[in-house]
Amino acid sequence: MLIRRAERFKAADITDEALYLRRREFIAGGIAALTLGACDFADGAAPAPPGTPLKAARNDQLSVKEPSTKFESATTYNNFYEFGVNKDDPAREAHRLRPRPWTLKVDGLVGKPKTYDIDELTRLFPLEERVYSLRCVEAWSMIIPWIGFPLGALLKQVEPTGQAKYVEFTTLLDPAQFPGQKPGLFGGTLDWPYVEGLRMDEALHPLTLLTVGMYGQVLPNQNGAPVRVIVPWKYGFKSAKSIVRIRLVGDQPKTAWEKAAPQEYGFYSNVNPNVSHPRWSQATERRIGEFRRRPTSMFNGYADQVASLYAGMDLKKYY
Ligand code: MTE
């Protein structure tokens, strides 16, 4: 997804990952211990609780049956540009993020705007574990057991008005915690803060999960602690991490990736093997941990549940 260094991103970067990950397996234990263990905070803020167990009943009906990607891979091979543009930057830099205390503001075109403390939010609705496929726009994928609750439950609680047509997600803006947001470093990659958006019916869809954990524990910082959204039928970049604000709006939000490269990253960004990215095909993907590429499924395998949202729409035009 690189913008400034786009010329350096080639298909070969993706296929090389297998080798890269095997090398990582030797050091993954060490990195995980480093990033998931107790972090030291010079300024005295409350320590982050990554690694804390989080209980949730598995929702089998909404879970894929494939084995989960190794935890080590899911926490050391990440996209989180606020920490840097390389896949191992988030794991290395994640200790800088302080996921507690944290608040999430839900406002905009709603009857009852509210700011939730993260611990209150985590207890608000029954937590479910759902094993979803995550398909990155860069043509790799993982299977991840997320823990969270349907975003729709939260949205209904704040009572959207009839004018609310879209939902906008904003990630924390704080260059002290996110070195990638510092001007002059990778600050030029995106117009910070990271903003994403969904149509109202997409946000209310039962598959759309507000996520606070994965693999039976609190969300690790590099995966978007303390709260992120997961929209499994869309490319991974639609699933914004470390969210501080959810705003209901009347107009389609301008997303960070759309602003950076509108011809490459459309607002919808539904997984679609028939619509190529301008720089690579989306017909196949490489599952992290596997060597052979596999075909990509329409809507990332969730067509039965979500195709009706797009009935009559030209998905080449609305990519
Ligand atoms: N959210 C923020 N705030 N910043 C990012 O750079 N990257 C996106 C998405 N959410 C990103 C983000 C992309 S491109 C992907 S593929 C997924 O996060 C990766 O999630 P993971 O690292 O938990 O696998």
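No experiment lies behind these values; they were computed from the predicted model shown. (Residues numbered from 1 in each chain as written. Predicted model: local features only at pLDDT ≥ 70, side-chain atom pairs only at ≥ 80, totals over all residues. Heavy atoms only, no water.)

## Brief notes about the site of the ligand
Right, on to step 1. Around the ligand sit 17 residues in total, of which N78, Y81, E82, R228 and K241 are the nearest.
Right, on to step 2. One of the side-chain nitrogen or oxygen atoms of N78 is found 2.9 Å away from an oxygen atom of the ligand.
Right, on to step 3. The separation between a nitrogen atom of the ligand and a polar main-chain atom of S239 is 2.9 Å.
Right, on to step 4. Across the complex, the protein chains shield 99% of the 530 Å² of accessible surface that the ligand would expose by itself.
Right, on to step 5. Broken down by class, the residue content of the shell around the ligand amounts to 8 nonpolar, 6 polar and 3 charged. (Near = heavy atom within 4 Å. Polar contact = N/O pair within 3.5 Å; in protein donor to acceptor, adjacent residues only side chain to side chain. Areas by Shrake-Rupley, 256 points an atom, 1.4 Å probe, with all protein chains shown as cover. Nonpolar A, V, L, I, M, F, W, Y, C, P; charged D, E, K, R; others polar.)

## What about the nonpolar core?
Right, on to step 1. Counting residues in each nonpolar core, the largest one holds 82 residues, and the members touching the most others are L121, L154, F169, L210, W233, I246 and L248.
Right, on to step 2. In terms of residue count, strand β5 (residues 140-150) provides more of this core than any other element does, 6 residues in total.
Right, on to step 3. If near-sequence neighbours (up to four positions away) are discounted, L210 is found in contact with L104, L121, I147, G148, F149, L151, L154, V227, R228, V229 and I246. (Core = buried A, V, L, I, M, F, W, Y, C linked by side-chain atoms within 4.5 Å. Buried < 20%, exposed > 50% of the residue type's maximum accessible area, 1.4 Å probe, protein only. Helix = DSSP H or I, 4+ residues; strand = E, 2+ residues; numbered from the N terminus. Contact = heavy atoms within 4.5 Å.)

## Things to note about the pairing of strand β2 (residues 103-108)
Right, on to step 1. The pairing of β2 with strand β3 (residues 114-117) spans 4 bridges and is antiparallel. Counted as the bridge partner of K105 is T115 from β3.
Right, on to step 2. In this antiparallel pair of consecutive strands, β2 and β3, the connection spans 5 residues.
Right, on to step 3. With 4 bridges connecting them, β2 and strand β11 (residues 243-249) associate as parallel partners. Paired with D107 across the bridge in β11 is R247. (Pairing = 2+ DSSP bridges.)

## Regarding the pairing of strand β12 (residues 284-287)
Right, on to step 1. Sheet analysis places β5 next to β12, joined by 2 bridges and oriented parallel. Among the inter-strand pairings, S141 is bridged to a residue of β12, identified as R287.
Right, on to step 2. Direction of pairing for β12 relative to strand β13 (residues 293-295): antiparallel, over a ladder of 3 bridges. When the sheet's bridge partners are listed, R286 is paired in β13 with R293.
Right, on to step 3. Hairpin connection from β12 to β13: 5 residues lie between these consecutive antiparallel strands, with G289 at a positive phi of about 100 degrees.

## Topic: unusual backbone geometry
Right, on to step 1. In this model, R100 is joined to P101 through a cis peptide bond whose omega is -10 degrees.
Right, on to step 2. Tracing the backbone through its elements, the reader meets P101 in the loop between α4 (89-93) and β2.
Right, on to step 3. The phi dihedral of Y215 falls on the positive side, at around 50 degrees, and the residue is not glycine.
Right, on to step 4. Inspection of the secondary structure puts Y215 in the loop between β8 (209-214) and β9 (217-218).
Right, on to step 5. Positive phi values are uncommon outside glycine, yet S269 reaches one of about 45 degrees.
Right, on to step 6. Turning to its location among the elements, S269 is positioned in the loop between α8 (256-260) and β12.

## Section: the packing of aromatic side chains
Right, on to step 1. Overall, the coordinates contain 15 aromatic pairs when judged by the stated rule.
Right, on to step 2. Ring geometry for Y81 versus W257: centroids 5.4 Å apart, planes at 70 degrees, classification edge-to-face. Of this pair, Y81 sits in the loop between α3 (71-76) and α4 while W257 sits in helix α8, and the two are 176 residues apart along the sequence. For the pair Y81 and W257, a shared accessibility class is recorded, and that class is buried.
Right, on to step 3. Aromatic pair F267 and Y268: ring centres 5.5 Å apart, planes at 85 degrees, arrangement edge-to-face. Across this residue pair, the class does not change: F267 and Y268 are buried.
Right, on to step 4. Three or more aromatic residues joined by ring pairs form one cluster here, namely Y166, F267, Y268, F299, Y310 and Y318.
Right, on to step 5. One residue, K238, lies across the ring of F267, its end atom 4.2 Å from the ring centre. (Phe/Tyr/Trp six-rings, centres within 6.5 Å; stacked < 30°, edge-to-face > 60°. Lys NZ or Arg CZ within 6 Å of the ring centre and 35° of its normal.)

These figures capture arrangement, not role.
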